[in-house]
Amino acid sequence: MTELNAERSRQAIVDHTRRLAESAVAAGPEAAVPTAPHWTVSDLVAHMGQTQNWVAEIIERRITDPTQLPTEMVQLPADSHQWQAWLSQSAQRVASACSDDALDAPVFNPAGDGRSGTRFWMSSMLNEAVVHGADAASAAGRQADVDADIAAALISNHLAMLTSPTWEMQRSESAHAIRGTGQTLQWLATDTADDTGAWFIERRPDGATWKPGTRQADVTVTGPARSLLLTLTRRLPLTDREATGIRIDGDTNLAQHWLDNTAHVSG
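All of the points below concern the structure found in this document. (Residues numbered from 1 in each chain as written. Predicted model: local features only at pLDDT ≥ 70, side-chain atom pairs only at ≥ 80, totals over all residues. Heavy atoms only, no water.)

What to know about the overall build of the chain
Stage number 1. Within the chain, the regular secondary structure consists of 10 helices and 5 strands.
Stage number 2. Relative to the compact-globule value of 18 Å for 267 residues, the chain shows a C-alpha radius of gyration of 18 Å, a close match.
Stage number 3. Considered along the principal axes of its C-alpha atoms, the chain spans approximately 50 × 40 × 35 Å.
Stage number 4. Classification of the 267 residues of the chain by burial places 52% in the buried group.
Stage number 5. Sequence-distant contacts, at least 24 apart, represent 69% of the contacts inside the chain between residues at least 6 apart.
Stage number 6. For the chain, the accessible surface area stands at approximately 11900 Å², while carbon and sulfur atoms represent 47% of it. (Helix = DSSP H or I, 4+ residues; strand = E, 2+ residues; numbered from the N terminus. Rg over C-alpha atoms; globule rule 2.2 N^0.38 Å. Buried < 20%, exposed > 50% of the residue type's maximum accessible area, 1.4 Å probe, protein only. Contact = heavy atoms within 4.5 Å. Areas by Shrake-Rupley, 256 points an atom, 1.4 Å probe, with all protein chains shown as cover.)

Thoughts on the nonpolar core
Stage number 1. Judged by nonpolar contacts, the single largest core of 56 residues is most densely connected at Trp121, Trp187, Trp199 and Trp258.
Stage number 2. No other element matches the 9 residues that helix α5 (residues 148–162) contributes to this core.
Stage number 3. With sequence-adjacent residues up to four places away left out, Trp187 is seen in contact with Gly197, Ala198, Trp199, Ile201, Val221, Leu228, Leu232, Trp258 and Leu259.
Stage number 4. Leu44, Trp86, Ala129 and Ala136 belong to the second-largest nonpolar core, a separate cluster that totals 16 residues. (Core = buried A, V, L, I, M, F, W, Y, C linked by side-chain atoms within 4.5 Å.)

Description of the pairing of strand β4 (residues 219–223)
Stage number 1. With 5 of 5 residues buried, β4 is to be regarded as a mostly interior element.
Stage number 2. Burial along β4 is two-sided: Val219, Val221 and Gly223 and Thr220 and Thr222, pointing in opposite directions, are all buried.
Stage number 3. Where strand β1 (residues 183–189) and β4 come together, 5 bridges link them in parallel fashion. Residue pairing across strands places Leu185 opposite Val219, the latter belonging to β4. (Pairing = 2+ DSSP bridges.)

With respect to α5
Residues spaced three or four apart along an α-helix point in a common direction, a consequence of the helix completing one turn every 3.6 residues.
Stage number 1. The first and last C-alpha atoms of α5 sit 21 Å apart over 15 residues, in line with the 21 Å expected at 1.5 Å per residue.
Stage number 2. The buried count for α5 comes to 13 of 15 residues, which makes it a mostly enclosed element. (Expected span 1.5 Å × (residues − 1).)

As for the pattern of salt bridges
Stage number 1. The tally for this structure, following the rule as stated, stands at 13 salt bridges.
Stage number 2. Close ionic contact of Arg8 with Asp149 constitutes a salt bridge, the shortest N to O distance being 2.8 Å. Of this pair, Arg8 sits in helix α1 (residues 6–27) while Asp149 sits in helix α5; the two residues are 141 residues apart in sequence, bridging distant segments of the chain.
Stage number 3. Overall, Asp149 belongs to the partly exposed group, its relative accessible area being 27%.
Stage number 4. In this structure, Asp100 engages Arg10 in a salt bridge whose closest nitrogen and oxygen atoms are separated by 3.1 Å. Of the two residues, Asp100 sits in the loop between α3 (83–97) and α4 (117–139) while Arg10 sits in helix α1, which places them 90 residues apart along the sequence.
Stage number 5. Members of the salt-bridge network, linked through shared partners, are Glu7, Arg10 and Asp100. (Salt bridge = Lys/Arg side-chain N within 4 Å of Asp/Glu carboxyl O.)

Let's talk about the pairing of strand β2 (residues 198–204)
Put simply, side chains in a regular strand alternate between the two faces of the sheet.
Stage number 1. Counted residue by residue, β2 has 5 buried out of 7 residues, so it is predominantly covered.
Stage number 2. Bridging between β1 and β2 involves 6 bridges; their strand directions are antiparallel. Residue pairing across strands places Thr184 opposite Glu202, the latter belonging to β2.
Stage number 3. The sheet contact formed by β2 and strand β3 (residues 207–212) spans 6 bridges and is antiparallel. In the sheet register, Arg203 faces β3, and the bridge partner there is Ala208.
Stage number 4. Where β2 folds back on β3, the antiparallel hairpin that results is connected by 2 residues.

Right under this line is the structure:
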C-alpha cells in the first residue's frame, strides 16, 4: 500500500489546487462541470477554497469536539480574476496547518479510524484537490495529470473511508449496498512500484473490508493508478478501455455495482 510522507502530501495539495485554479479560470465561472453535473465552475471553486479554510481552522484550533466545528465559511471572491490568488492562499493555509507538530496532535477525525485527525484531514484535502482538479480540468476540456504514487495513496484513502467505522452513519445506503456474501474485487495498478498498487475488497454480510495485496477475486480491474482512482471516484467510466487503459477480468457487473453504490463525500 502506498503511503505519502507529509511533505509530499502538503506540496501535492498546493500543486493540485494551483492546477484546479488554472483550469477553472480557463473554463470560466458559469461553465458546467461534466463530472459533477449539478455544479458550475464557480460552485467548484467556492467548495474548494471554503473547505480548505474550514479544515485549516479545525487543525489550527486543535478542535476535538465535533459540536465545536466552525460554522462560518469564507466568501468566494466575486471577481474570477482573484480565484487563483484566493485558492493559492487557502491551499497554503491548509498545508501549513498540517505541520509536523500537528500531525499527531489531538484533532477530530470524522472517520473514527486509527488515524490522527490531522493525518485524516491531510489525506482528505489531497483527495479534494486531486479529484476536484479533475473536475475543473474536464470543464476546461483538459486531462488531469496525477502521479501514480499520489493516485495510489488516494485509492487507499478512498477505501479506508468506505470501510471506516462511521461510514454507515454518514452514508447508510452505501454501507448497506456494498455488503455481500463473500464477493471479492481486486484493483491492480500497472504503474506503481512492487506491490504498492494492489487493493483487495471482500463484501461480507457485516460490511465491506479491504486489504493491500493481491488475491484471487471474482473480478479484477487493472490499469494505471490515475485511471483506477478516477474510476473509483466516478470521474471516468469503468468500461471505456480506450480512454482509461483499464482491463476487467471477471464479473464486470460486480465492479460496476461497487462503483454505483460508493458515493464519496467529495462532490
